[in-house]
Amino acid sequence: MRNSPADDVLSWFDEARHVGKEREYDAMTLATVDPTGCPAARVVICKAIESDPIAIIFFTTYDSRKAQHLDLSPHAAAVFYWPALRRQMRIQGCATRLTVEENDAHFDAMSRARRAHATAQVGDGRPSVVYARQVLGELFGGRTPARPSLWGGYRLVAHTVEFWSAGTGPRGNRTRWIWKATESHSSGLSGWYLECLKAME
């Protein structure tokens, strides 16, 4: 019997990647909480999924609204919806900034165009066509600008993972995994517990 949802998280994401109809398989709705406790949501791109611990990696500028929310309250939720597969995956957890080394590695691995775009986004606090052209000139002139200090990523580590797939009835099939920090975890065993959900929330 499985004791973790990690395999399903990776396989569902991989299946969505290889289904031709899911062109934006890596798009997810990210929900954060503002200083007053009100939720805010937007669509961002998932750059990577890790399995141990289960986590989502995404990037932004550290002066953005979502970054400000996460720095004040790390609690967040992400939802993937793949209509061609008739599936939905929900992940709740806490987000922390990536290290300087991790940010540098991701930035260096990006294409020139993407590096130019990321640099232009934080050139004056907002996207600038003039600044983007300047950066592109540097890139294609053989000069690679350093990663902007305000550009970086977050790692959203899951404490709840929920899978939904369409079934024969209106409710579909749903399962939820919840992480519980128990003594069993300290002994090396998984702290994930599986719940079977019959009703749509």
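First things first, this report covers the structure right here in the doc. All of these numbers come straight from a predicted model, not from anything done at the bench.

Let's shift gears to the packing of aromatic side chains. Per the stated rule, a full pass over the model turns up nine aromatic pairs. An angle of 10° between the planes, with centres 4.8 Å apart, marks the rings of Phe59 and Trp151 as stacked. Residue Phe59 is located in strand 4 (residues 54-61), and its partner Trp151 is located in strand 7 (residues 151-165); the two are separated by 92 residues in the primary sequence. Using a relative accessible area of 15% as the deciding quantity, one classes Phe59 as buried. With a centroid separation of 5.6 Å and 70° between ring planes, the pair formed by Trp179 and Trp192 is classed as edge-to-face. A residue pair is termed long-range when its members are at least 10 positions apart, and Trp179 in strand 8 (residues 173-179) and Trp192 in strand 9 (residues 192-197) qualify at 13 residues. With relative accessibility at 27%, the residue Trp179 sits in the partly exposed group. With relative accessibility at 12%, the residue Trp192 sits in the buried group. Ring pairing ties together the aromatic residues Phe13, Tyr25, Phe80 and Trp82, which thus form one cluster. A cation over an aromatic ring shows up here: Arg87 above the ring of Trp12, its NZ or CZ 4.3 Å from the ring centre.

The rules behind the values
Counting restarts for each chain: residues are numbered from 1 in the order of the written sequence. Side-chain atom pairs in this predicted model are given and counted only at pLDDT of 80 or more, local residue features only at pLDDT of at least 70, and totals for whole chains, interfaces and linings cover all residues. Each side-chain value is derived from all of the structure's non-hydrogen atoms; neither hydrogens nor water enter the calculation. Two aromatic rings from Phe, Tyr or Trp, using only the six-membered ring of Trp, form a pair when their centres are within 6.5 Å; if the ring planes differ by under 30 degrees the pair is stacked, by over 60 it is edge-to-face, and anything between is tilted. Here a strand is any run of E in DSSP of at least two residues, a helix any run of H or I of at least four, and the numbering for each starts at the N terminus. In this scheme, a residue with accessible area under 20% of its type's maximum is buried, one over 50% is exposed, and one in between is partly exposed, where area comes from a 1.4 Å probe on protein chains only. Should the NZ of a Lys or the CZ of an Arg lie within 6 Å of a ring centre and within 35 degrees of the ring normal, that charge is described as sitting over the ring.

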